[in-house]
Amino acid sequence: MPGSLPAICESMWPKDVGIIAMEVYVPSQYVDQAELEEYDGVGAGKYTVGLGQARMGFCSDREDINSLCLTVVQRLMERNGLSYESVGRLEVGTETIIDKSKSTKTVLMQLFEESGNTDVEGVDTTNACYGGTAALFNAVNWVESSSWDGRYALVVAGDIAVYATGSARPTGGAGAVAMLVGPNAPLAFERGLRGTHMQHAYDFYKPDMVSEYPVVDGKLSIQCYLSALDQCYSVYKNKIHARWQREGTEGRCSLEDFGFMVFHSPYCKLVQKSLARLMLNDFLCHPSPNMESGPFSGLEAFRDVKIEDTYFDRDVEKAFMKASSELFDDKTKASLLISNQNGNMYTPSVYGCLASVLAQHTPQQLAGQRIGVFSYGSGFAATLYSIKVTQDGTPGSALDKLVSSLCDLPARLDSRQKVSPGVFAETMKLREETHHLANYIPQGSVDELFPGTWYLTRVDEKHRRQYARRSMNDDRPLEAGLVSSSMAAEHIPSPLKKMPRIPTTTAGPEVVVMSNGDH
């Protein structure tokens, strides 16, 4: 049939290609959303209850997309004892554009210079919040292709989400996620199980080249998100049903087939509504749902609704959020840790949700589970796909090491510094006034950054950016679990034994300077 391959081809692919290691970076400062409600003069609960947000991370003018990505990549490499020579592809997904030509990936190549490795494929991918997923798919596809040379792929998703003053500002955030991709991964992509929907819409876009702020049609954005979710879920279920039929398995795919379900999270309340939306899909697609007992009980009044008429139907929304509350607690709530505490990170948002699930469960709880992932980017592009967690959750396994590297996420979030809404507003004003300035020295404090963070030192008269890294040997405590390269234990071997590695060395100079121009 179209789209299928002979079994002999499948047997030649690398096995269990997926995510081997992850690293998350969030800024060292945040504003409390309850305090922001009072500062903005809105009703109590508008941001905290209505949006489901507790804190919002943000960057001063000392950080930009290049520095975020430099930080998260170096931390991933150091914490996992990886050699830069073992990476053959580097993909960046971002919508935070500071140069219309030069990619963030090229800036990251400065981290590879000491190793001498310049044979690294990949560049940046851009489409709103979907760019990180596109970059991840490119990396997975590369490992499974004839182009693969046996080395790892490295994927970076990073963004700074800022809005003009008004109702959208509390849905901002910032951060980056780095993912190491290769075979024999503890989080393996289920081959052939992707449901994608792409369409044209002006729901959220950034046409103003001199501003960080987007143009947003809030109502249309929600409709696009939910309609894409409907379409992707339908395509995904058709594909898994076809697979089951080929395997001679009877079954109807539903939320019960996922151990966890994670979503792109512009704000937490939309994610809760999204899980309810999938339950609505299951209910309407079922030929004879049990409406006397179980999760569908009491939903008779909604049996004949048309899915496309329900995007803003409060009765449907309320009924299915109530009916899916237990499923939400079991499958999705844990994924909102970073989203609730740091806000929307754009491209890394859904991967911050994935990391949140891993950080709050034991390897034994995760082993063998199917994780559904819904990624959405305005404009619009969306995919729902699934990851299968390895069955091996024993101590020392790849899954155990991945979970151990993320279990300190709650402590990292708690180690940040809270600032007042007034300081936050002043910082946003500074970013707005200095955006894309040349011959500029940033004014933000370096002392507030976490140890080991890359930061912007200046932008010269030709718009070339220079960066330095804050010392790891600093008086301020490290984020919990963060170790320098001299302490990192090498526990992830190269996919091919012949790949050279750099032995662990002692810590280098306290400040290393880089640029995105001549150096």
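How each quantity is defined
Residues numbered from 1 in each chain as written. Predicted model: local features only at pLDDT ≥ 70, side-chain atom pairs only at ≥ 80, totals over all residues. Heavy atoms only, no water. Pairing = 2+ DSSP bridges. Helix = DSSP H or I, 4+ residues; strand = E, 2+ residues; numbered from the N terminus. Axes fitted to C-alpha atoms, helices over the stretch in contact; angles between N-to-C directions. Salt bridge = Lys/Arg side-chain N within 4 Å of Asp/Glu carboxyl O. Buried < 20%, exposed > 50% of the residue type's maximum accessible area, 1.4 Å probe, protein only. Contact = heavy atoms within 4.5 Å. Phe/Tyr/Trp six-rings, centres within 6.5 Å; stacked < 30°, edge-to-face > 60°.

1. Some points on the sheet that holds strand β2 (residues 29–32)
Right, so step 1: Pairing within the open sheet is mixed, and its 3 strands lie in the order β3-β2-β14. Bordering the open sheet on either side are β3 (55–58) and β14 (417–419), each of which pairs with just one other strand. Averaged over all adjacent pairs, the angle separating strand axes in this sheet is 40 degrees, with direction ignored.
Right, so step 2: In the sheet, β2 pairs with β3 via 4 bridges, with the strands oriented antiparallel.

2. Quick notes on the pattern of salt bridges
Right, so step 1: One pass over the full model with this rule turns up 21 salt bridges.
Right, so step 2: Here E121 and R89 are joined by a salt bridge, their closest N and O atoms 2.9 Å apart. Of this pair, E121 sits in the loop between α4 (104–108) and β5 (124–125) while R89 sits in strand β4 (residues 87–93), placing them 32 residues apart in sequence.
Right, so step 3: Each of E23, R79, D408 and R412 takes part in one network of salt bridges that share partners.

3. Brief notes about the environment of M428
Right, so step 1: Assignment of secondary structure puts M428 in helix α15 (residues 421–434).
Right, so step 2: Using a relative accessible area of 3% as the deciding quantity, one classes M428 as buried.
Right, so step 3: Residues M428 and Y163, spaced 265 residues apart in sequence, show a C-alpha to C-alpha distance of 8.8 Å.
Right, so step 4: Other than its neighbours up to four places away in sequence, M428 contacts F58, C59, V162, R169 and Y213.

4. Let's talk about the packing of aromatic side chains
Right, so step 1: Applying the stated rule across the entire model yields 16 aromatic pairs.
Right, so step 2: Measuring from ring centre to ring centre gives 5.7 Å for F204 and Y346, while their planes differ by 80 degrees; the resulting arrangement is edge-to-face. Taken together, the residues F204 in strand β9 (residues 204–205) and Y346 in the loop between α10 (337–342) and α11 (349–359) connect sequence positions 142 residues apart.
Right, so step 3: Take F204: its relative accessible area is 10%, and that puts it in the buried class.

5. Considering unusual backbone geometry
Right, so step 1: A cis amide bond links G379 to the next residue, F380, at an omega of -5 degrees.
Right, so step 2: Here F380 lies in the loop between β12 (370–377) and β13 (381–389).
Right, so step 3: Even without a glycine there, the phi angle at A128 is positive, about 50 degrees.
Right, so step 4: On the secondary structure map, A128 appears in the loop between β5 and α5 (131–143).
Right, so step 5: Positive phi values are uncommon outside glycine, yet N439 reaches one of about 55 degrees.
Right, so step 6: Mapped onto the elements, N439 comes out in the loop between α15 and β15 (454–459).

Keep in mind these values describe shape, not function.
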